[in-house]
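These are the residues of each chain, in order.
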Amino acid sequence: MTKVLFIQDILFEFIGPMQISALLKKNGHECDLLILSEETNVIDKIKKINPDIIAFSVMTGSHNELADFAKKIKKEIKVITIFGGPHATFYTDLINEEGVDIICIGEGEYAMLELCNNINKDITKIKNLWVKKNNKIIKNEIEPLIENLDELPFPDRDIYYKRYKYLKLLPTKKFMTGRGCPYNCSFCFNHELKKIYSNKGRYVRKRKIEKVIEEILILKKQWDMKIVRFSDDTFTLYKEWLLEFLDVYKKKVRLPFTCLARANEIDEEIAKKLKETGCINIFFGLESGNNRIRNDVLRKNLSEKDIINAARLLHKYNIKFGTYNMLGNPTESIEDAFDTIKLNTIIKTDFPFSTILQPYPGTDISKFSVEKNLLPEDYCVNDLTLMNKRSQIKLKNKKEIVNLHRFFFYGVKFPFLLPLIKILIKFPENKIYYLIFQAGVAWTKKSSFGLGFIDMIKLAWKLKSKL
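Residues numbered from 1 in each chain as written. Predicted model: local features only at pLDDT ≥ 70, side-chain atom pairs only at ≥ 80, totals over all residues. Heavy atoms only, no water.

Draft legend 1. Inspection of the sheet that holds strand 14 (residues 320-327) at higher detail. Spatially, 6 strands are ordered 8-11-12-13-14-15 in an open sheet, and the strand pairing comes out parallel. For this open sheet the edge positions go to strand 8 (172-175) and strand 15 (351-356), each flanked by a neighbour on one side alone. The mean angle between the axes of side-by-side strands here comes to 20 degrees, regardless of whether they run parallel or antiparallel. As judged from the 2 bridges shared by strand 11 (residues 227-230) and strand 12 (residues 257-261), these two strands associate in the parallel manner. Within the sheet, the bridge partner assigned to Arg229 lies in strand 12 and is Thr258. Here helix 13 (residues 304-316) sits on the sheet in contact with strand 13 (279-287) and strand 14, set at roughly 165 degrees to strand 13. (Pairing = 2+ DSSP bridges. Helix = DSSP H or I, 4+ residues; strand = E, 2+ residues; numbered from the N terminus. Axes fitted to C-alpha atoms, helices over the stretch in contact; angles between N-to-C directions. Contact = heavy atoms within 4.5 Å.)

Draft legend 2. A negative patch on the surface, seen in detail. On the surface, Glu65, Asp68, Asp93 and Glu97 cluster together into a patch of negative charge. Summarising the element assignment, Asp68 is placed in helix 3 (residues 63-76). (Patch = residues over 30% accessible without salt bridge, like charges linked within 9 Å, V, L, I, M, F, W, Y side chains within 5 Å. Areas by Shrake-Rupley, 256 points an atom, 1.4 Å probe, with all protein chains shown as cover. Salt bridge = Lys/Arg side-chain N within 4 Å of Asp/Glu carboxyl O. Lys, Arg positive; Asp, Glu negative; His and termini not counted. Charge placed at Lys NZ, Arg CZ, Asp CG, Glu CD.)

Draft legend 3. Spotlight on the sheet that holds strand 5 (residues 102-104). With respect to topology, 7 strands assemble into an open sheet ordered 2-1-3-4-5-6-7, the strand pairing being mixed. Each of the sheet's edge strands pairs with one partner strand only, and the pair in question is strand 2 (30-35) and strand 7 (136-139). Neighbour-to-neighbour, the strand axes of this sheet turn through a mean angle of 20 degrees, independent of strand direction. Strand direction decides the pairing type here: strand 4 (residues 80-84) and strand 5, joined by 2 bridges, are parallel. Each residue of the ladder has a partner; that of Ile82, found in strand 5, is Ile102. Against the sheet, helix 2 (residues 42-49) contacts strand 1 (3-8), strand 2 and strand 3 (53-57), and its axis sits at roughly 175 degrees relative to strand 2. Relative to strand 3, helix 3 is tilted by about 170 degrees, and along the sheet it contacts strand 1, strand 3 and strand 4.

Draft legend 4. Molecular detail of the nonpolar core. Ranked by size, the top nonpolar core spans 73 residues in total, and within it Ile7, Ile46, Phe56, Ile73 and Phe83 carry the most contacts. Once you skip the residues sitting within four places of it in the chain, Phe56 turns out to touch Ile7, Leu66, Phe69, Ala70, Ile73, Thr81, Ile82, Phe83 and Gly84. Counting residues in hydrophobic clusters, the runner-up holds 41 residues, among them Val212, Tyr249, Leu286 and Phe321. (Core = buried A, V, L, I, M, F, W, Y, C linked by side-chain atoms within 4.5 Å. Buried < 20%, exposed > 50% of the residue type's maximum accessible area, 1.4 Å probe, protein only.)

Draft legend 5. Summary view of the side chain of Arg294. When you line up the elements, Arg294 lands in helix 12 (residues 291-297). Of the side chains with opposite charge, Glu304 comes closest to the buried, unpaired Arg294, at an N-O distance of 4.9 Å. In this structure the side chain of Arg294 is engaged in a polar contact, spanning 2.7 Å, whose partner is the backbone oxygen of Leu302. Ignoring any residue separated from it by four or fewer positions in sequence, one finds Arg294 in contact with Leu286, Ser288, Gly289, Arg299, Lys300, Leu302, Ser303, Glu304, Ile307 and Leu343. (Polar contact = N/O pair within 3.5 Å; in protein donor to acceptor, adjacent residues only side chain to side chain.)

Draft legend 6. Fine view of the packing of helix 16 (residues 398-413) against helix 18 (residues 431-448). Two elements in contact, helix 16 and helix 18, have axes separated by 8 Å at closest approach and are oriented at 35 degrees. Considering the relative orientation of helix 16 and helix 18, their crossing is left-handed. Packed against helix 16, whose contacting residues are Asn403, His405, Arg406, Phe407, Phe409 and Tyr410, the element helix 18 presents Tyr433, Tyr434, Ile436, Phe437, Ala439, Gly440, Trp443 and Thr444 at the interface. Across the contact of helix 16 with helix 18, the residue classes break down as 9 nonpolar, 4 polar and 1 charged. (Left-handed = near helix turned anticlockwise from the far one by under 90°. Nonpolar A, V, L, I, M, F, W, Y, C, P; charged D, E, K, R; others polar.)

Draft legend 7. Geometry of unusual backbone geometry. Residue Arg299 is not a glycine yet carries a positive backbone phi of 55 degrees. Within the secondary structure layout, Arg299 lies in the loop between helix 12 and helix 13. Despite not being glycine, Asn301 shows a phi value in the positive range, around 55 degrees. Mapped onto the elements of the fold, Asn301 is located in the loop between helix 12 and helix 13.

Draft legend 8. Fine view of the environment of Trp223. Counting through the fold element by element, Trp223 comes out in the loop between helix 9 (209-222) and strand 11. Taking the C-alpha atoms as reference points, Trp223 and Lys168, separated by 55 residues in sequence, lie 7.7 Å from one another. Those residues within four positions of Trp223 in sequence are excluded, and the remaining contacts are Tyr161, Lys168 and Lys173.

Draft legend 9. Seen up close, the pairing of strand 1. Of all the 6 residues making up strand 1, 6 are buried; the element is thus mostly covered by neighbouring parts of the structure. Neither face of strand 1 is open: one carries Lys3, Leu5 and Ile7, the other Val4, Phe6 and Gln8, and all of them are buried. Of the pairings in the sheet, the one linking strand 1 to strand 2 comprises 6 bridges and is parallel in character. Bridged to Gln8 within strand 2 is Ile35. Remark: the strand 1/helix 1 (residues 15-26)/strand 2 crossover connection has right-handed handedness. As paired elements, strand 1 and strand 3 share 4 bridges and run parallel to each other. Directly across from Ile7, in strand 3, lies its bridge partner Phe56. (Right-handed = clockwise from strand over helix to strand, strands pointing away.)

Draft legend 10. The arrangement of the side chain of Thr177 in detail. Note that Thr177 resides in the loop between strand 8 and strand 9 (178-179). For Thr177, the side chain forms a polar contact with the side chain of Asp232, separated by 2.8 Å. With residues near it in sequence (within four places) discarded, Thr177 still touches Lys206, Arg207, Val212, Phe230, Asp232, Phe235 and Trp241.

Nothing here speaks to function; it is geometry throughout.
Shown next as structure tokens:
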């Protein structure tokens, strides 16, 4: 038996650790998890758990902090450290960090299982893993994608719930019905992941309907779950699968749910069925209200007509919806940024989320920005900041655009404030504007995620450093 300790930095349920933990436990291994933001005396707790492997699920932005923490741990105890998740997949230089022994590229379930099964043997030849040995780095090839997602056990949610009561008591639980996204937005790493998995199997995969329903029913029985959240990038991608799933869900689950979609995928039949089945809100990426920015720069391949039509249908069937928006895009003017507020106002968005674009090195939008001299040639991952702090891109009206982001929610929900907002954004950036922004985020999360007032306050406090 191998003992694995998962470590992450924020209070959030990640599917990856839950899925890997379930597979490891099924095969006789032991798993635990610590969330750094919620713990004190972490090193002492790690020593008490005494793991053989510490597995870090890493998002870009927290990579340096977690790598430093791994270095600190290894000075205290003898343990193997492995880093997985998006950052390890796309920024493989992470393996050079002193505290990092192994990185996992791509899907990690079977790579972690093989690592645990061979902990006292040769671990240098496991697919998907880059391993340090004798001051050398062994780079193994990628194994094919998991074609049949239903061969995996249901995610191990107890790995979070046994220690973190706040997550256990949240009324909304999230589920994945598939993996992969067919679209190629320039700001996303999806197109790079497709290259990594070229000729390695079917990229977009869906689970069997009956297996998804079974998982939901188990949680409905075990926990006080009031809302189901489908976290697939595009829940509405396959219409035939979706309509059949919704029929079964309506008969067997009978709980309200939320989901993610693409505006161009929502037609009359889907909107009607979503409403009849219990969809209480839906989210889609609008990104920019300016057609040039949205399609030429961000490559959303999404027309204003599609967006307006989707909003019309959702309003018709009384389904509330949220939009994801970005300001500070390459070549964006302040007028372009106001176009985004305008389109959200036109479609009467219920939950307007907004971020400041952070162009991840290696994405097409980052390459575009460097080519246009909007980012320095030596721009790298350590130049990134939190998505709502500031813009890295050279923009003519950067101060105004960043300040507009702080007031975005209010400009959409209360358009009569726009003349005042146009004045306020000309002042220097300040903490008051940022607090105003955080208040808008807290209200949006409370309303769209089904949180009570106390839960909303807790969430805002716990995530304040990540906003």
